[in-house]
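The chain contents come next:
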Amino acid sequence: MIYSAVQRLIDYALKNELITSDDVYVVRNQLMEALKLTDWEETGTEYCGETIDELLAPLIGYACENGIISDTANSRDLFDTKLMGILTPMPREVIAEFNNRYAEAPKAATDWYYDFSRKLNYVRAGRIEKDLKWTYDCEYGRLDITINCSKPEKDPRDIAAAKTQKATAYPRCQLCPENAGFAGHATHPARQNLRPVPITVNSERWQLQYSPYGYYNEHCIVFNEKHIPMKIDDVVFDKLFDIVDYLPHYFVGSNADLPIVGGSILSHEHFQGGNYDFAMAKAPVEIEFRIEKYPAVKAGIVKWPMSVIRVASEDRKQLSKCCADILAKWRGYTDESVFIFAETDGVPHNTITPIARKNGNVYECDLVLRNNITTDDRPLGVFHPNPSLHHIKKENIGLIEVMGLAVLPARLAKEIDMLEKAMLSREILWSIPELSQHSVWAIDILYRYPDLNKDNVRAILEQEIGKVFLEVLEDAGVFKRNKEGMNAFLRFVHSV
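An account of the accompanying structure is given in this report.

Procedures and definitions
- Residues numbered from 1 in each chain as written.
- Predicted model: local features only at pLDDT ≥ 70, side-chain atom pairs only at ≥ 80, totals over all residues.
- Heavy atoms only, no water.
- Helix = DSSP H or I, 4+ residues; strand = E, 2+ residues; numbered from the N terminus.
- Buried < 20%, exposed > 50% of the residue type's maximum accessible area, 1.4 Å probe, protein only.
- Contact = heavy atoms within 4.5 Å.
- Areas by Shrake-Rupley, 256 points an atom, 1.4 Å probe, with all protein chains shown as cover.
- Phe/Tyr/Trp six-rings, centres within 6.5 Å; stacked < 30°, edge-to-face > 60°.
- Expected span 1.5 Å × (residues − 1).
- Arc of directions from axis to C-beta.
- Pairing = 2+ DSSP bridges.
- Axes fitted to C-alpha atoms, helices over the stretch in contact; angles between N-to-C directions.
- Left-handed = near helix turned anticlockwise from the far one by under 90°.
- Nonpolar A, V, L, I, M, F, W, Y, C, P; charged D, E, K, R; others polar.
- Salt bridge = Lys/Arg side-chain N within 4 Å of Asp/Glu carboxyl O.
- Core = buried A, V, L, I, M, F, W, Y, C linked by side-chain atoms within 4.5 Å.
- Polar contact = N/O pair within 3.5 Å; in protein donor to acceptor, adjacent residues only side chain to side chain.
- Patch = residues over 30% accessible without salt bridge, like charges linked within 9 Å, V, L, I, M, F, W, Y side chains within 5 Å.
- Disulfide = S-S within 2.5 Å.

## What about the overall build of the protein?
Then, in step 1: Each helix and strand in the protein was counted, giving 16 helices and 15 strands.
Then, in step 2: Its C-alpha atoms give the protein principal-axis dimensions of roughly 75 × 60 × 45 Å.
Then, in step 3: By residue count, 55% of the 496 residues in the protein fall in the buried class.
Then, in step 4: Pairs at least 24 apart in sequence give 63% of the contacts found in the protein among residues at least 6 apart.
Then, in step 5: Surface summary for the protein: the accessible area is close to 22300 Å², and the carbon and sulfur share equals 50%.

This is the structure in structure tokens:
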């Protein structure tokens, strides 16, 4: 019964301290308006520990059955966010609570804020749990593998609706501050339950929020309130250090600022961070070197499949200048012997992916050297997954992958299931359209694992996918992990 479903949601909000008893009548009336209810029946129903998805399901179903919304994935998402927006406190209340908790400790503030974002269903924990996850142990540490199953598949009816949606410049992008409270439409997600908190970065107003489809613990986004493009320059390091000063238990990093090696949103300055230790952060320095100009800075090459320089110091100012000098040197660096060109025909190719963290009083920054040069036979990038790996990973290698977490496409979830069955029955893989791209790889696996059976096939495929991701990272490294590449890497660091 619809009244019981509404009451359960209200009780959920009360018990999770999203609203108070003073808010009940207003919240009830707003939910009734959204559901086009003109009368109310007391049912005595209470919240009994259901997930938020379980609470919302009957309300969304009612809206579909009664013609309030279309029965499509996007319409359902817009509507459930609208309902949760009714339970969401105003920004001033959220900011005040965050600041009160922060006065106790930065971690107390983020613990509360992340839990709050989950309770509001802004962080869609139920969907994130659908992601397939495992690990792959290699010489560089334990890599994380994720197949992204949390984002809903596009409904053909939603695609059709998006084509007829009137173009609008509001919000300017999905990271702009005006997203908070926005109702959304066919081409822009609803954000009525989004409540970013303001922070100061480089003496400017920025905001902090969590990713609705986070790939790791407390996956957060820190973004400039101004809609300005991503830029890796000498100021970026002070910005990163401002954030780890404010949230010392978080790492924070930036995608590179060039196509191919950059992130999916280059038009709005933002960083990503969180409370998670990636394999790269645990990787040791294997070759130390000194930078004479910065005696307080420890520097070294990290044992990692990509080309990473780690610098650390208690002297933040000196460390920031050191990072800026390395960046400037790399921007203009060419070594034709290993196909590194700073620019071709005036188009720049060198940039970095920087990641900052604090260990006690020590600031640490990993500088991942990137280059986006392309050739006729490698149009997606020379330092990009080679074509033989595209059946697993073809997309850009961004910040998250750089640190050792593979974000693999959702199609693989279905394809792995199909591969298991096809390989066990020794089917002709290239005759199966969905699996033809995997055929060479799968045949090689069968050759190397003659004892492959129903009990071990899944584990074998997961490990082989992990091995592919390691190759992806090695391909993205500008200085290869062989004698020639490491000598070239040393030439660069000695030129700094």
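Once you've had a look at it, read on.
## Brief notes about the packing of aromatic side chains
Then, in step 1: As enumerated under the stated definition, the model contains 25 aromatic pairs in all.
Then, in step 2: Seen from their ring centres, Tyr-276 and Phe-278 are 4.8 Å apart, and the 80° between their planes marks the pair as edge-to-face.
Then, in step 3: For Tyr-276, a relative accessible area of 28% corresponds to the partly exposed category.
Then, in step 4: For Phe-278, a relative accessible area of 2% puts it in the buried group.
Then, in step 5: One aromatic cluster in this structure is built from Phe-98, Tyr-102, Trp-112, Tyr-113, Tyr-114, Phe-116, Tyr-210 and Tyr-246.

## Some remarks on helix H16 (residues 483-495)
One turn of the α-helix equals 3.6 residues, which is why residues spaced by three or four share an orientation.
Then, in step 1: End to end, H16 covers 18 Å across 13 residues, agreeing with the expected 18 Å (1.5 Å per residue, within 8%).
Then, in step 2: Of all the positions in H16, only Gly-485, Met-486, Ala-488, Phe-489, Phe-492 and Val-493 are classed as buried. Seen from one end, H16 has its buried residues packed into an arc of 155°, which puts them on one side. In H16, the exposed positions angled more than 90 degrees off the buried face are occupied by Lys-483 and His-494.

## Examining the sheet that holds strand E15 (residues 405-408)
Strand pairing in a sheet relies on backbone hydrogen bonds, with the paired strands running either antiparallel or parallel.
Then, in step 1: The strand order E1-E2-E15 describes an open sheet built from three strands, whose pairing is mixed. Edge positions in the sheet fall to strand E1 (132-138) and E15, since each of these pairs with one other strand and no more. Neighbour-to-neighbour, the strand axes of the sheet open up by a mean angle of 20°, direction not taken into account.
Then, in step 2: Where E1 lies against strand E2 (residues 141-147), seven bridges are found, and the strand directions are antiparallel. Along E2, the bridge assignment pairs Lys-133 with Thr-146.
Then, in step 3: Across the face of the sheet, helix H13 (residues 411-424) comes into contact with E1, E2 and E15 while running at roughly 95° to E2.

## Details of unusual backbone geometry
Then, in step 1: Here the amide bond leading from Tyr-170 into Pro-171 is cis, since omega sits at -15°, within 30 degrees of zero.
Then, in step 2: Topologically, Pro-171 is positioned in the loop between helix H8 (156-164) and strand E3 (197-201).
Then, in step 3: The phi angle at Arg-426 is positive, at roughly 55°, despite the residue not being glycine.
Then, in step 4: Within the fold, Arg-426 resides in the loop between H13 and helix H14 (439-448).
Then, in step 5: Using a relative accessible area of 45% as the deciding quantity, one classes Arg-426 as partly exposed.

## Focus: the packing of helix H3 (residues 52-65) against helix H4 (residues 73-86)
Then, in step 1: Remark: H3 packs on H4, axes separated minimally by 10 Å, with the N-to-C direction vectors making an angle of 115°. Taken as a pair, H3 and H4 cross one another with a handedness that is right-handed. Between H3, through Ile-52, Leu-56, Leu-59, Ile-60, Ala-63 and Cys-64, and H4, the contact on the second element is made entirely by Arg-76, Phe-79, Asp-80, Leu-83 and Met-84.
Then, in step 2: Classifying every residue of the contact of H3 with H4 by side-chain character gives nine nonpolar, no polar and two charged.

## Thoughts on the pattern of salt bridges
Working definition: two side chains of opposite charge can pair if their charged atoms are close together.
Then, in step 1: Using the criterion set out here, one finds 35 salt bridges in the structure.
Then, in step 2: Where Arg-357 meets Asp-366, a salt bridge forms, and the shortest distance between an N and an O atom there is 3.0 Å.
Then, in step 3: For Asp-366, a relative accessible area of 0% corresponds to the buried category.
Then, in step 4: Where salt bridges share partners, they join Asp-238, Asp-242, Asp-245, Arg-316 and Lys-358 into one cluster.

## Concerning the sheet that holds strand E6 (residues 251-253)
Then, in step 1: Strand order in the open sheet formed by 10 strands is E3-E4-E5-E7-E6-E13-E14-E10-E9-E8, with antiparallel pairing between adjacent strands. Of all strands in the sheet, those with a lone pairing partner are E3 and strand E8 (285-289), marking the two edges. Direction aside, the axes of adjacent strands within the sheet are offset by 25° on average.

## Regarding the nonpolar core
Then, in step 1: Counting residues in each nonpolar core, the largest one holds 97 residues, and the members touching the most others are Leu-9, Phe-237, Val-311 and Phe-479.
Then, in step 2: Here this core gets eight residues from one element, more than from any other, and that element is helix H1 (residues 2-15).
Then, in step 3: Excluding residues within four positions of it along the chain, Val-311 makes contact with Val-297, Lys-298, Ala-299, Leu-319, Cys-322, Cys-323, Ile-326, Tyr-363, Glu-364, Cys-365 and Leu-367.
Then, in step 4: Counting 55 residues, the second largest nonpolar core, distinct from the first, contains Tyr-216, Val-368, Val-468 and Leu-470.

## Considering the side chain of Thr-353
Then, in step 1: Structurally, Thr-353 can be placed in strand E13 (residues 350-359).
Then, in step 2: By relative accessible area, Thr-353 is classed as buried at 0%.
Then, in step 3: Here the side chain of Thr-353 touches Arg-370 through a polar contact of 3.0 Å, side chain to side chain.
Then, in step 4: Once residues lying within four places of it in the same chain are set aside, the contact partners of Thr-353 are Ser-254, Ala-256, Asp-366, Leu-367, Val-368, Arg-370 and Leu-399.

## Here we look at a nonpolar patch on the surface
Then, in step 1: Together, Ile-428, Trp-430 and Ile-443 make up a nonpolar patch on the protein surface, roughly 340 Å² of accessible area in all.
Then, in step 2: Mapped onto the elements of the fold, Trp-430 is located in the loop between H13 and H14.

## Focus: the state of the cysteines
Then, in step 1: On inspection of all chains with the given rule, the structure shows zero disulfides.
Then, in step 2: Of all cysteine sulfurs, the one in Cys-365 lies closest to Cys-220, which takes part in no disulfide; the gap is 16 Å.
Then, in step 3: Note on Cys-220: relative accessible area 2%, which makes it buried.

## A word on the environment of Glu-50
Then, in step 1: Following the sequence through the fold, Glu-50 ends up in the loop between helix H2 (24-34) and H3.
Then, in step 2: With 42 residues separating them along the chain, Glu-50 and Arg-8 place their C-alpha atoms 9.2 Å apart.
Then, in step 3: If near-sequence neighbours (up to four positions away) are discounted, Glu-50 is found in contact with Arg-8 and Leu-55.

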